[in-house]
Amino acid sequence: MDKAQLQKIFSLAYNHENWLEVLKKVFGAKQLLMQPKPISLASNDITEGAFELGNITTSDDRIIGLYKIDVKSNVWLERNKVGLRKLLRDVYGNNAHVDHPKTV
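So, how was this worked out
Residues numbered from 1 in each chain as written. Predicted model: local features only at pLDDT ≥ 70, side-chain atom pairs only at ≥ 80, totals over all residues. Heavy atoms only, no water. Helix = DSSP H or I, 4+ residues; strand = E, 2+ residues; numbered from the N terminus. Buried < 20%, exposed > 50% of the residue type's maximum accessible area, 1.4 Å probe, protein only. Pairing = 2+ DSSP bridges. Salt bridge = Lys/Arg side-chain N within 4 Å of Asp/Glu carboxyl O. Core = buried A, V, L, I, M, F, W, Y, C linked by side-chain atoms within 4.5 Å. Contact = heavy atoms within 4.5 Å. Axes fitted to C-alpha atoms, helices over the stretch in contact; angles between N-to-C directions. Left-handed = near helix turned anticlockwise from the far one by under 90°. Nonpolar A, V, L, I, M, F, W, Y, C, P; charged D, E, K, R; others polar. Patch = residues over 30% accessible without salt bridge, like charges linked within 9 Å, V, L, I, M, F, W, Y side chains within 5 Å. Areas by Shrake-Rupley, 256 points an atom, 1.4 Å probe, with all protein chains shown as cover.

Caption draft 1: Spotlight on the environment of Gln35. Tracing the sequence through the fold places Gln35 in strand E1 (residues 31-38). With relative accessibility at 62%, the residue Gln35 sits in the exposed group. Taking C-alpha positions, Gln35 is 9.6 Å from Gly54, a pair spaced 19 residues apart along the chain.

Caption draft 2: Inspection of the pairing of strand E3 (residues 63-71) at higher detail. Sheet analysis places strand E2 (residues 47-57) next to E3, joined by nine bridges and oriented antiparallel. Bridged to Gly49 within E3 is Asp70. Count of turn residues in the E2/E3 antiparallel hairpin: five residues, of which Asp61 carries a positive phi of about 65 degrees.

Caption draft 3: Seen up close, the pattern of salt bridges. Following the criterion strictly, the structure yields three salt bridges and no others. Lys24 is the partner of Glu21 in a salt bridge, and the nearest nitrogen-oxygen pair spans 3.7 Å. Placement of the pair is Glu21 and Lys24 together in helix H2 (residues 16-25), with a separation of three residues, close to one helical turn. Given the relative accessible area of 29%, Glu21 is considered partly exposed. Taking relative accessible area as the criterion, Lys24 reaches 40% and is therefore assigned partly exposed. Notably, a salt bridge pairs Lys68 with Asp70, separated by 2.9 Å at the nearest N-O pair. Within this structure, Glu21, Lys24 and Lys25 form a network of salt bridges that share partners.

Caption draft 4: Structural view of the nonpolar core. If you look at the biggest cluster of nonpolar residues, it comprises seven residues: Leu20, Leu23, Ala29, Leu32, Leu53, Ile56 and Leu66. Listing elements by their share of this core, those giving two or more residues are H2 and E2. In contact with Leu32, not counting residues within four places along its chain, are Leu20, Leu23, Lys24, Leu53, Gly54 and Leu66. Formed by six residues, the second largest nonpolar core is a distinct cluster that contains Ile39, Tyr67, Leu88 and Val91.

Caption draft 5: Local environment of the packing of helix H1 (residues 3-11) against H2. Interaxial distance between H1 and H2 falls to 10 Å at its minimum, and their mutual angle equals 145 degrees. Judged by the sense of rotation from one axis to the other, the crossing of H1 with H2 is left-handed. For the pair H1 and H2, the contacting residues are Leu6, Ile9 and Phe10 in the first and Asn18, Trp19 and Val22 in the second. Residue composition of the contact of H1 with H2, by class: five nonpolar, one polar and no charged.

Caption draft 6: Quick look at a nonpolar patch on the surface. The grouping of Met1, Val26 and Phe27 at the surface amounts to a nonpolar patch, some 270 Å² of accessible area in total. Here Phe27 shows up in the loop between H2 and E1.

Structure representation (structure tokens):
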């Protein structure tokens, strides 16, 4: 996937299939779920839904979980990264074998 293709995907509205291709071609994701698996989050004012997409194994054999979080339209990500991270802590705990990113 070249720079022009990535720029096009980044400039378009979110499309799940396009992002799966980015995960596969750019990050080498091979362990993606056929259907995103819904995840339960604590009641909150930030998200509309959350899904597990699969994981990526790094060259040093670390496993990084991949998630899709549907953020409510009135939420500014720049101001709510910590809140999102806190909501996902329970998810991380349920997947102890997976390393999870410290940023959203």
